[in-house]
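A structural walkthrough
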Amino acid sequence: MASNTALLAIIGDEDTVTGFLLAGVGNVDIRRKTNYLIVDNKTTVKTIEDTFKEFTAREDIAIVLISQYVANMIRFVVDRYNKPIPAILEIPSKDHPYDPSQDSILARVKHMFSSDPSGPTNRY
Amino acid sequence: MEHDRIVQLTEGGVNEDSISSSSTSSCVTDGKGTQEDAEILRFLDALDHLICCRDSLARSLSQGWMEIASARYSMGPARISQALFSLKPQSASTIISVSETENSMLETGPKDEEEQVCDALQEFQFSIRNLDVKGGTKIKSREGNINSETSAQSNLRQRHKSGSMKNHIVEDDFENDDDLSNDGDLIQHRADSPNVSDPLAWFGTLVSPHLRAAQKSFKDALEMIVEVATAQTRVQRTYDFIKESDKSVHGADVCNESKAEP
């Protein structure tokens with residue numbers, strides 16, 4: 001069994017990121033690149049998408065936490081991602097409770113139990 | 001799954017070759033059927049575990065947000081804000097350990113092409129590793145946590161037998177991570193250690209107890225997150241396996257039908 005260590009990255013609202021940084025997951029490298037992005041009303045979708053792509057391309061990240069309402073903004077990118085590492089986890093945020101029907105993994109496996117063969121792309 | 005057997009048995013010209021090949025394929029399909037059933041059970045089990053973990057995660061996060069809101073109310077909005085985050089180069093004190101689990105599914109029976117395809121479907125297990133103040137690491141996972149706790153207890157019992165009670169208490173205080181964050185001197189000690197600092201210090205030396213409670217809630221949430229991640233990769237892997245085997249069965253049916261037609 002091979003084992004190695006990696007970081008956890010977060011894309012979410014201020015309180016969620018603050019909480020996880022308090023838990024000790026924050027990492028700043030010598031170029032001042034962080035492993036988190038705080039999304040507020042000034043953050044553009046382009047920034048979120050670029051950060052998501054950057055985190056999923058980094059080899060030192062094992063899990064990317066993303067608030068579900070943020071993931072909904074870049075749903076086409078999140079749904080297209082299918083690598084096991086880093087794992088993408090959609091988490092609830094303070095103002096938006098978790099909706100399993102919007103989760104990319106659960107939506108992918110949901111149509112296995114239903115008679116609808118169209119798959120997760122049908123929900124748009 | 002029985003379909004290819006039925007197709008072969010209903011063929012017009014039945015000879016010895018076809019009978020022997022049909023019996024061999026029936027054995028193979030039975031084996032595959034059992035394996036597929038086992039994978040479906042594993043899939044449902046993983047899905048159930050994932051949903052349970054999601055509930056626990058949502059509870060921990062809600063608690064954490066409530067504590068942060070309380071801390072912000074007592075300390076003031078300016079005292080808990082992203083402007084206070086440290087941007088000095090620093091390492092994360094909590095990191096994720098990723099281990100690739102052995103694929104027990106592939107150990108049974110000889111490998112054919114379909115199973116070789118499934119070799120690409122890996123299953124990973126995530127666990128939390130806390131960088132200790134003393135430079136050591138603590139691994140926290142559902143199984144690992146129990147093991148480390150029991151081993152720590154056994155070590156402490158040995159010290160208790162040989163050493164004094166005072167030493168035991170001091171060592172116990174150092175072992176307990178929550179107690180570390182409650183002591184102002186130890187926060188300073190953590191800040192002095194290279195590249196690893198306690199994020200509570202960003203918000204001042206005397207912070208609200210609600211902020212400490214929020215820190216604990218989010219640490220609990222992190223433990224649930226690694227469980228969710230492990231369950232999610234298991235769901236993904238078993239789902240991919242079932243989908244692949246469905247495709248291969250469907251492909252075999254199409255081949256048999258095309259052979260039967262002329």
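Rules behind the numbers
- Residues numbered from 1 in each chain as written.
- Chains lettered and ligands numbered in written order.
- Predicted model: local features only at pLDDT ≥ 70, side-chain atom pairs only at ≥ 80, totals over all residues.
- Heavy atoms only, no water.
- UniProt positions renumbered as here; feature names shortened; annotations may be inferred.
- Helix = DSSP H or I, 4+ residues; strand = E, 2+ residues; numbered from the N terminus.
- Buried < 20%, exposed > 50% of the residue type's maximum accessible area, 1.4 Å probe, protein only.
- Contact = heavy atoms within 4.5 Å.
- Areas by Shrake-Rupley, 256 points an atom, 1.4 Å probe, with all protein chains shown as cover.
- pLDDT = per-residue confidence, 0-100.

Looking at an unreviewed UniProt entry, one finds chain B named Vacuolar ATPase assembly protein VMA22, with Ceratopteris richardii as its source organism.

In the annotation of an unreviewed UniProt entry, the entry for chain A reads V-type proton ATPase subunit F, and the organism field reads Ceratopteris richardii. According to the UniProt record, the Subunit (unreviewed entry) comment for chain A is "V-ATPase is a heteromultimeric enzyme made up of two complexes: the ATP-hydrolytic V1 complex and the proton translocation V0 complex." For chain A, the Sequence similarities (unreviewed entry) comment in UniProt is given as "Belongs to the V-ATPase F subunit family."

Tallying secondary structure elements over chain B gives eight helices and three strands in all. Secondary structure of chain B in N-to-C order comes out as α-α-β-α-β-β-α-α-α-α-α. For chain B, the residues scored as buried account for 41% of the 262 residues in total. The long-range fraction of contacts in chain B, counting pairs at least 24 apart against all pairs at least 6 apart in sequence, stands at 71%.

Turning to the overall build of chain A, a few remarks are in order. Per the secondary structure count, chain A includes five helices and four strands. Helices (α) and strands (β) of chain A occur, in sequence order from the N terminus, as β-α-β-α-β-α-α-β-α. Out of the 124 residues belonging to chain A, those deemed buried represent 56%. In chain A, the share of contacts with a sequence separation of at least 24, taken over all contacts with a separation of at least 6, comes to 62%. Counting every atom, chain A has about 5800 Å² of accessible surface; 53% of that belongs to carbon and sulfur.

For the rest of this paragraph, the subject is the confidence of the model for chain B. Residue and element names in this part refer to chain B. Predicted confidence across chain B gives a mean pLDDT of 68, with 50% of residues reaching 70 or more. For the stretch residues 1-22, pLDDT sits under 50, and the model shows 23 contacts to residues farther than four places along the chain or on other chains. Across residues 160-193 the pLDDT falls below 50, and counting only partners more than four positions away or on other chains, this stretch makes 36 contacts in the model.

The next subject is the side chain of B:Ser217. Residues and elements named next belong to chain B. Relative to the elements of secondary structure, Ser217 occurs in helix H8 (residues 209-260). We classify Ser217 as buried; its relative accessible area is 8%. Setting aside its immediate chain neighbours within four residues, Ser217 contacts Ser60, Gln63, Gly64 and Glu67.

Turning our attention to helix H1 (residues 14-22) of chain A. Residues and elements named next belong to chain A. Of all the nine residues making up H1, eight are buried; the element is thus mostly covered by neighbouring parts of the structure. Among the residues of H1, those classed as buried are Asp15, Thr16, Val17, Thr18, Gly19, Phe20, Leu21 and Leu22. Just past H1, the residue Gly24 takes up positive phi, approximately 100°.

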